[in-house]
Amino acid sequence: MYKMSQSCEVQKMFGSIVSEDFYHAYSYTTTAISTVSNALLIYILLATHVVHVGPYRYLLLTFSIVDVIISFVHLALIPAIHMTKFGYIYWGYRFLRESTAVGVWAGLTWVLLFYQTFVLLAFHYVYRYVMLCSPEWLSWFRRRPWRNWLIVTFVADVIFVGGIFLACLFGFVPTDVSRKAFAPVLRKVYNIDLFASNAPGFLGIVYWTINEKGQKQWIPFSLFIIGCVCFLFFTTALIMLACIMQIFKELRASRFANLAPATKRMQKQLFRTLLWQTVIPCITSYTPLAMVFLVPLTGIPLGGFGTVFIMSTALFPMLDPYIVIFLISGYRKALIGLLANVIKPTLGQASHQVARPFTDTNSQITTMNRASYA
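Since the structure is predicted, the reported quantities are computational estimates derived from the model, not experimental observations.

To continue, consider empty space enclosed by the protein. Inspection of the entire model under this criterion finds three cavities of 30 Å³ or more. Its volume calculated, the largest cavity comes out at about 240 Å³. Lining the largest cavity are 18 residues; nearest its centre among them are Tyr-88, Trp-110, Val-111, Cys-168 and Phe-293. Broken down by secondary-structure element, the contributors of at least two residues to the lining of the largest cavity are β2 (87-92), α3 (100-133), α4 (145-171), α6 (220-251) and α8 (261-294). Sort the elements by how many residues they give to the lining of the largest cavity and α3 lands first, with five residues. Partitioned by chemical class, the residues of the lining of the largest cavity number 18 nonpolar, no polar and no charged. Secondary structure elements with two or more residues in the lining of the second largest cavity: α1 (20-47), α2 (56-77) and α3. If you tally residues by element for the lining of the second largest cavity, the top one is α2, at four residues. By residue class, the composition of the lining of the second largest cavity is six nonpolar, six polar and no charged.

Spelled out as structure tokens, the structure:
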């Protein structure tokens, strides 16, 4: 961990908003819960066959694995964001002593994994739309489904995640302009020296500077880069919105009413699950990151609130498994059965221990005790 000077010892680590101890405790807690809950979901997905879910469980499985990975990366970095009136800067506290390249690639790893969750979520909607609505223009998916879905997944990742990667690589890596712009702020607020001998790596973007005439001068390339990021970021949201509208339309169509009751019930459960898997990241991820991107363009400096925003992104990976488990009846029953198998032996052992003292003196009481605890 990057050491602070004695003069800043009483100062909060993240812009006088979140303390160092709290952030570390928060990161360890969210990572632990995310790991346990996703491991539970992965076990249930692998051990339980729910009719009508079919290959969709592999999407759920992939989502859980990515959730665990992003939680560990978040813990490994302890990422922070500071929002100024001219831009924002992102860095990992655990990598401040490393070289520029190491710090930059650590940040890029978090960005790519985090954005992967949005691509996967959009992919969930496309999958549900194709399987439920069966649009003619996408009928080729059903000819060789495994091959075609894998190809689409690969292409989507190349376009969206690759686009974010290139935008960050060309527009967010440290430059002389960004290092000089953010250095005074980080020195004053966090006692971080961006001009230290190791030149700490970060991801940052400067939207405007003050020219020789003392006037604000926008940086066109930075605006282009953030425009590309926002386009890719919000395109996934538009894809999900379009699929939601089509799925709602299909659920109200007459042909859906003619399906078997069990099929209709499962399709509604899957769609309801997907909606909750969208609402929560909209609150914990989409909205906070949209504010990180756009608020500095207004000239409003939110400072360390950027770190609060990025901390909120750690909530979804630990909540997502419970959405799937509790809203899909087959997985909910599997959880109840799993808990019953764990609890019954414990109760049986307790019953045996309570009954044992009576065994030698009164066998009838022993039997009654065992029966009462069974």
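Now that the structure is up, let's keep going.
With their axes 11 Å apart at the nearest point, α1 and helix α9 (residues 305-312) run at an angle of 15° to one another. Taken together, the axis directions place α1 and α9 in an arrangement best described as roughly parallel. The two elements α1 and α9 cross, and the hand of that crossing is left-handed. Residues Phe-22, Tyr-23 and Tyr-26 of α1 touch α9, and the partners they reach there are Thr-307, Ile-310, Met-311 and Ser-312.

Reading guide: rules and limits
Residues numbered from 1 in each chain as written. Predicted model: local features only at pLDDT ≥ 70, side-chain atom pairs only at ≥ 80, totals over all residues. Heavy atoms only, no water. 1 Å grid on protein atoms, 1.4 Å probe; cavity = no way out; pocket = protein on both sides within 12 Å on 5 of 7 lines; lining within 4 Å. Points joined across faces, edges and corners; volume = space filled by probe spheres on them. Helix = DSSP H or I, 4+ residues; strand = E, 2+ residues; numbered from the N terminus. Nonpolar A, V, L, I, M, F, W, Y, C, P; charged D, E, K, R; others polar. Axes fitted to C-alpha atoms, helices over the stretch in contact; angles between N-to-C directions. Parallel < 35°, antiparallel > 145°, perpendicular 65-115°, else oblique. Left-handed = near helix turned anticlockwise from the far one by under 90°. Contact = heavy atoms within 4.5 Å.

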